[in-house]
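Given next are the chains, with one letter for each unit.
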Amino acid sequence: MQKLIRTLGFATLALSLASCRLVYTPDVQQGNILTKEAVSQLKPGMTKRQVLVLMGSPSVASPFDQDRWDYVSTQQHRGGEIKVRTFTLTFNNDTLVRTEGNFFAQDDQQLLNDTKKYKVNYPVNETRGDKSGSPPDASAGDKPSGE
């Protein structure tokens, strides 16, 4: 009987922890992971084979429009909203003609929140930099004992 009560107690505790979001929720990244270096190397006139070697296989290649490749990625940060990023390549006669989409666009508000999370506060109206000509004021206690 005591074993049953203990098991029910642990189950209740686990359920309450799960409902309070104290359980770790990982970041979820799905789809193509593109790098800025690979995207910057894309040039009009490249063949499908060259693009395939450089970028990898597309996540969406429509059988109805074989001249369009879509690279899609979704990212969810610890149970938050899902961000969908797309990058589209258009071909004509197996040569790259156009790229569309900004796969690396950053959400300005998210970047601002991330900097606040790490408590990074840089003075905006600082007139004196760290390499200014005048040394900071030294108090009497900062002088070496030999002087």
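Each value, and the rule that gives it
Residues numbered from 1 in each chain as written. Predicted model: local features only at pLDDT ≥ 70, side-chain atom pairs only at ≥ 80, totals over all residues. Heavy atoms only, no water. Helix = DSSP H or I, 4+ residues; strand = E, 2+ residues; numbered from the N terminus. Pairing = 2+ DSSP bridges. Salt bridge = Lys/Arg side-chain N within 4 Å of Asp/Glu carboxyl O. Buried < 20%, exposed > 50% of the residue type's maximum accessible area, 1.4 Å probe, protein only. pLDDT = per-residue confidence, 0-100. Arc of directions from axis to C-beta. Contact = heavy atoms within 4.5 Å.

Turning our attention to the environment of lysine 48. Within the fold, lysine 48 resides in helix α3 (residues 48-55). A sequence separation of 19 residues divides lysine 48 from aspartate 67, and the C-alpha atoms of the two residues are 9.3 Å apart.

This brings us to the pairing of strand β3 (residues 68-76). Of the strand pairs in this sheet, strand β1 (residues 28-31) and β3 are connected by four bridges, and their pairing is antiparallel. Its bridge partner being in β3, glycine 31 is matched across the sheet by serine 73. Looking at chain direction, strand β2 (residues 60-61) and β3 are connected through two bridges and run antiparallel. When the bridges of β3 are listed, alanine 61 appears paired with tryptophan 69. Linking β2 to β3, which pair antiparallel, is a turn of six residues. Remark: five residues form the turn of the hairpin made by β3 and strand β4 (residues 82-92), two consecutive strands paired antiparallel; arginine 78 in that turn has positive phi of roughly 50°.

Our focus in this paragraph is the pattern of salt bridges. By the definition in use, this model includes four salt bridges. Taking the shortest distance from any N to any O, the salt bridge between lysine 48 and aspartate 94 comes out at 3.5 Å. Of the two residues, lysine 48 sits in helix α3 while aspartate 94 sits in the loop between β4 and β5 (95-100), which places them 46 residues apart along the sequence. Look at lysine 48 and you get buried, because its relative accessible area is 16%. Accessibility expressed as a relative area gives 44% for aspartate 94, which makes it partly exposed. A network of salt bridges, in which partner residues are shared, links Lys48, Asp67 and Asp94.

Put simply, the protein chain has an average pLDDT of 77, and 66% of its residues get 70 or more. Within the protein chain, β5 carries the highest mean pLDDT (93), whereas helix α4 (residues 108-117) carries the lowest (64).

This paragraph deals with α3. Among the residues making up α3, those that are buried are Lys48, Val51 and Met55. In an axial view of α3, the angular spread of the buried residues amounts to 60°, which keeps them on one side of the axis. Among the exposed residues of α3, those oriented more than 90 degrees off its buried face are Arg49 and Val53. The secondary structure elements touched by the buried residues of α3 are α2 (36-40), β3, β4 and β5. Directly after α3, the chain includes glycine 56, whose backbone phi takes a positive value near 90°.

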